[in-house]
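The lines below spell out each chain.
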Amino acid sequence: MLARLIPHPLLSTTLVLVWLGLVNTLTLGNLILGVVFGLIVPMVTAPYWPDRPKVRKPLRIAEYFLVVLWDIVIANIHVATIILFKRQRDIHSVWLSVPVELTSAEAITVLAGTITMTPGTVSTSLAADGGAILVHCLHTDDPDALRDTIKARYESRLKEIFE
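Residues numbered from 1 in each chain as written. Predicted model: local features only at pLDDT ≥ 70, side-chain atom pairs only at ≥ 80, totals over all residues. Heavy atoms only, no water.

Side note on the overall build of the protein
Here's step 1: Broken down by element type, the protein carries six helices and three strands.
Here's step 2: Traced from its N-terminal end to its C-terminal end, the protein shows the element sequence α-α-α-α-β-α-β-β-α.
Here's step 3: A globule of 163 residues ought to have a C-alpha radius of gyration of about 15 Å, yet the protein, at 19 Å, is considerably larger.
Here's step 4: Summarising the internal contacts of the protein: among those between residues at least 6 apart in sequence, 72% fall at separations of at least 24. (Helix = DSSP H or I, 4+ residues; strand = E, 2+ residues; numbered from the N terminus. Rg over C-alpha atoms; globule rule 2.2 N^0.38 Å. Contact = heavy atoms within 4.5 Å.)

Shown next, in the form of structure tokens:
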């Protein structure tokens, strides 16, 4: 019964928090309206998610979030250094194919989004079979090390979370 009322508890919680953040005022009315949105939207959209992935280790999500946040801060500093102090001829932009072992479409989407959110890298396309992501890197002297870093820091954690 509870699974039919709240088919996606994480989505429901997120919707309530996003609603409260958007209205920027914590009142009983806003909280009730947020809960209504948090209950109705997942119930209406549940049929469109028949094979939604199961999150195996929810606490690893917090770890993943902190790792990505740290990497974004460090990458911002790195990109600023490249832009301010490297000459154009010393910047080595590369296109890199990152093989993907993830099978869940949601996990692959999170990986591609993480790569794009990290300054200096952009995921540009996914292979038709979902086996690789094409990534553009602003500057690297070692593309293989960058590929290995993406797989070790992000993909391995996402495999633990989703699969």
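Moving on from the model shown.
Topic: the pattern of salt bridges
Here's step 1: Across all of its chains, the model carries 10 salt bridges by this definition.
Here's step 2: For Arg60, the salt bridge identified is with Glu160, shortest N-O distance 2.7 Å. One end of the pair, Arg60, is in helix 4 (residues 59–85); the other, Glu160, is in helix 6 (residues 143–162), and 100 residues separate them in sequence.
Here's step 3: Take Arg60: its relative accessible area is 23%, and that puts it in the partly exposed class. (Salt bridge = Lys/Arg side-chain N within 4 Å of Asp/Glu carboxyl O. Buried < 20%, exposed > 50% of the residue type's maximum accessible area, 1.4 Å probe, protein only.)

A few points about the pairing of strand 3 (residues 132–137)
The two faces of the sheet receive side chains in turn, since in a regular strand these alternate between them.
Here's step 1: The pairing of strand 1 (residues 94–99) with strand 3 spans six bridges and is antiparallel. Across the sheet, Trp95 pairs through a bridge with His136, a residue of strand 3.
Here's step 2: Of the strand pairs in this sheet, strand 2 (residues 121–126) and strand 3 are connected by five bridges, and their pairing is antiparallel. Considered in strand 3, the bridge of Ser125 is made with Leu134. (Pairing = 2+ DSSP bridges.)

Considering the sheet that holds strand 2
Here's step 1: Spatial ordering of the open sheet is given by 1-3-2, a layout of three strands whose pairing is antiparallel. Looking at which strands have only one partner, the edges of the open sheet turn out to be strand 1 and strand 2. The mean inter-strand angle of the sheet, taken between neighbouring strand axes irrespective of direction, is 30°.
Here's step 2: The strands that helix 5 (residues 105–117) touches are strand 2 and strand 3; relative to strand 2, the one it contacts most, it runs at about 145°.
Here's step 3: Those strands touched by helix 6 are strand 1 and strand 3, and its axis lies near 40° from that of strand 1. (Axes fitted to C-alpha atoms, helices over the stretch in contact; angles between N-to-C directions.)

Details of the side chain of Thr140
Here's step 1: By the secondary structure assignment, Thr140 is in the loop between strand 3 and helix 6.
Here's step 2: Among the residues examined, Thr140 registers a relative accessible area of 13% and is labelled buried.
Here's step 3: Here Asp142 takes part through its backbone nitrogen, which lies 3.2 Å from a polar atom of the side chain of Thr140.
Here's step 4: Those residues in contact with Thr140 that sit more than four places away from it in its chain are His92, Val94 and Leu146. (Polar contact = N/O pair within 3.5 Å; in protein donor to acceptor, adjacent residues only side chain to side chain.)

Description of unusual backbone geometry
Here's step 1: Here Asn24, not a glycine, exhibits a phi torsion of approximately 60°, which is positive.
Here's step 2: Its place among the elements puts Asn24 in the loop between helix 2 (9–23) and helix 3 (28–45).

Observations regarding the nonpolar core
Here's step 1: Residues Leu102, Leu111, Ile150, Tyr154 and Leu158 are the most contacted members of the largest nonpolar core, which totals 22 residues.
Here's step 2: Taken together, the elements giving at least two residues each to this core come down to helix 4, strand 1, helix 5, strand 3 and helix 6.
Here's step 3: When residues in this core are grouped by element, the largest group, six residues, is from helix 6.
Here's step 4: If sequence neighbours within four positions are ignored, Leu158 has contacts with Tyr64, Leu102, Ala107, Val110, Leu111 and Glu163. (Core = buried A, V, L, I, M, F, W, Y, C linked by side-chain atoms within 4.5 Å.)

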